[in-house]
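# Examination of the molecular architecture
If you want the building blocks of each chain, they are given just below.
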Amino acid sequence: MKLNKVLAVAAMTLLVAGCSNPKPTPTPTPTGTKTQAQIEKEFLKIAKDSCDRAQKEDVLERMTNNVPERIIVLSRDHAYRDYSAVYVDNKGVAQVIYELELTVCGPSYLISMQEEAGHDNSGDYEHHIKLNKDGTYSWSEHIPGEAEGVLSTNIFTVEDGYIVASKSENPAYNRTIEYGPITGDDLQVLKDAVDAELLSLEE
């Protein structure tokens, strides 16, 4: 995708693939001493830090129940031929993504749009945050195109201040988030998909 579109906000739902890595275990966090305002402030900082990290480093979002489906995203500095992201389906077929919303960036994007619009927590911007007893966070938000009050919920696992996994109401969308340099194999998958895309545009 063109670099300036890599992390554009889009209401795009993608199935991403599973991985064989052990599932991260969240550190239980006591909730009795925290107010709701503190919980929300804490999670929104985690969400922003996670999205910032995803944009600065290479990142993979893997569906845990549909190997090898995944999204491969390069950082801005690592873009290949001005493209930075591909989607790989569960058969291993890759295609360039022109617009996407990383799950790890979903909460941060919504809050940014709400602030820019000067809107309250309702309608398209409705969202709710809950700290669970096991240390995970539940994030509920309005589903685009649905009636007001219709929400979807993801449960985020946090480690060392960053989101590392997301559990959806639909198990097919459960995913892990991996930050840092991608493997040489994944880089080659991205390069091959980009080369094929550019070749098709010349035809």
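Below is a summary of the structure that appears in this document. (Residues numbered from 1 in each chain as written. Predicted model: local features only at pLDDT ≥ 70, side-chain atom pairs only at ≥ 80, totals over all residues. Heavy atoms only, no water.)

### Some words on the state of the cysteines
Going by this rule: Counting rule for disulfides: a pair of cysteine sulfur atoms within 2.5 Å. Put simply, DSSP H or I for four residues or longer makes a helix, DSSP E for two residues or longer makes a strand, and each gets a number counted from the N terminus. Think of it in three bands: with a 1.4 Å probe and only protein chains considered, a residue is buried below 20% of the maximum accessible area for its type, exposed above 50%, and partly exposed in between.
Here the structure, examined in full by the defined rule, presents 1 disulfide. Two residues, Cys-51 and Cys-105, share a disulfide whose sulfurs are 2.1 Å apart. On the S-S bond that ties Cys-51 to Cys-105, the torsion sits near 100°, and the link is right-handed. Residue Cys-51 is found in helix α1 (residues 36-56), and its partner Cys-105 is found in the loop between β4 (94-96) and α2 (106-117); the two are separated by 54 residues along the sequence. Grouping residues by exposure puts Cys-51 and Cys-105 together as buried.

### What about the pattern of salt bridges?
Our working definition: By definition, a salt bridge exists where a carboxyl oxygen of Asp or Glu is found within 4 Å of a side-chain nitrogen of Lys or Arg.
According to the stated counting rule, one finds 9 salt bridges in the structure shown. Through salt bridges with shared partners, a single network forms among Arg-62, Arg-70, Glu-178 and Asp-186.

### Quick word on the packing of α1 against α2
Let me state the cut-off plainly: Working convention: axes come from line fits to C-alpha atoms, limited for helices to the stretch in contact. Angles between N-to-C directions cover 0 to 180 degrees. Angular relationships are summarised with four words: roughly parallel below 35 degrees, roughly antiparallel beyond 145, roughly perpendicular across 65 to 115, and oblique for the angles in between. Residue contacts are defined here by distance: any two heavy atoms, one from each residue, within 4.5 Å place the two residues in contact. Residues are grouped as follows: Ala, Val, Leu, Ile, Met, Phe, Trp, Tyr, Cys and Pro are nonpolar; Asp, Glu, Lys and Arg are charged; all remaining types, including Gly, are polar.
Where α1 contacts α2, the two axes come as close as 8 Å, and the packing angle between them is 110°. Classified by the angle between their axes, α1 and α2 sit roughly perpendicular to one another. Across the interface between the two elements, Phe-43, Leu-44, Ala-47, Lys-48, Cys-51 and Gln-55 of α1 pack against Pro-107, Ser-108, Tyr-109 and Ile-111 of α2. A breakdown of the residues in the contact of α1 with α2 according to their chemical character gives 7 nonpolar, 2 polar and 1 charged.

### Notes on the pairing of strand β1 (residues 59-63)
Put simply, the test is: DSSP bridges decide pairing: two strands pair if at least two such bridges lie between them.
Judged by how many residues are buried, β1 sits mostly within the fold: 5 of 5 residues are covered. Residue alternation in β1 divides its side chains into two sets, Val-59, Glu-61 and Met-63 and Leu-60 and Arg-62, and both sets are buried. Hairpin connection from β1 to strand β2 (residues 70-73): 6 residues lie between these consecutive antiparallel strands.

### Overview of the sheet that holds β1
With antiparallel pairing, the 9 strands of this open sheet are ordered in space as β4-β3-β2-β1-β9-β8-β7-β6-β5. Taken across any chain shown, the strands that pair with only one partner, and hence form the sheet edges, are β4 and β5 (127-131). Across the sheet, the mean angle from the axis of one strand to that of its neighbour is 20°, orientation sign disregarded. By the bridge criterion, 6 bridges tie strand β7 (residues 151-159) to strand β8 (residues 162-168) in an arrangement that is antiparallel. Bridge assignment links Thr-157 to a residue of β8, and that residue is Ala-165. Here α2 sits on the sheet in contact with β5, β6 (137-142) and β7, set at roughly 50° to β6.

### Details of the packing of aromatic side chains
Put simply, the test is: Think of it this way: a Phe, Tyr or Trp ring, Trp meaning its six-membered ring, pairs with another when their centres are within 6.5 Å, and the plane angle makes it stacked under 30 degrees, edge-to-face over 60, tilted otherwise. Placement of a charge over a ring requires the Lys NZ or Arg CZ to be within 6 Å of the ring centre, with the centre-to-atom vector within 35 degrees of the ring normal.
In total, this model carries 5 aromatic pairs according to the counting rule given. Taken together, Phe-43, Tyr-137, Trp-139 and Phe-156 form an aromatic cluster joined through their ring pairs. Stacked on the ring of Tyr-162, the Lys or Arg Arg-53 has its end atom at 4.6 Å from the ring centre.

### Considerations on the nonpolar core
Heads up, the rule is: Take the buried Ala, Val, Leu, Ile, Met, Phe, Trp, Tyr and Cys residues and link them wherever side-chain atoms come within 4.5 Å; each set so joined is a nonpolar core.
Counting 29 residues, the largest nonpolar core has Phe-43, Leu-102, Val-104, Tyr-137 and Ile-163 as its most contacted members. Of all elements in the fold, only α1, β2, β3 (85-88), α2, β5, β6, β7 and β9 (175-179) reach the threshold of two or more residues within this core. Residues contacting Tyr-137, with those up to four places away along its chain left out, are Ile-39, Glu-42, Phe-43, Ile-46, Ile-129, Lys-130, Leu-131, Asn-132, Asn-154, Ile-155, Phe-156 and Val-158. Ranked by size, the runner-up nonpolar core spans 12 residues in total, among them Leu-60, Val-86, Val-194 and Leu-198.

Read these as layout, nothing more, since geometry by itself doesn't imply function.
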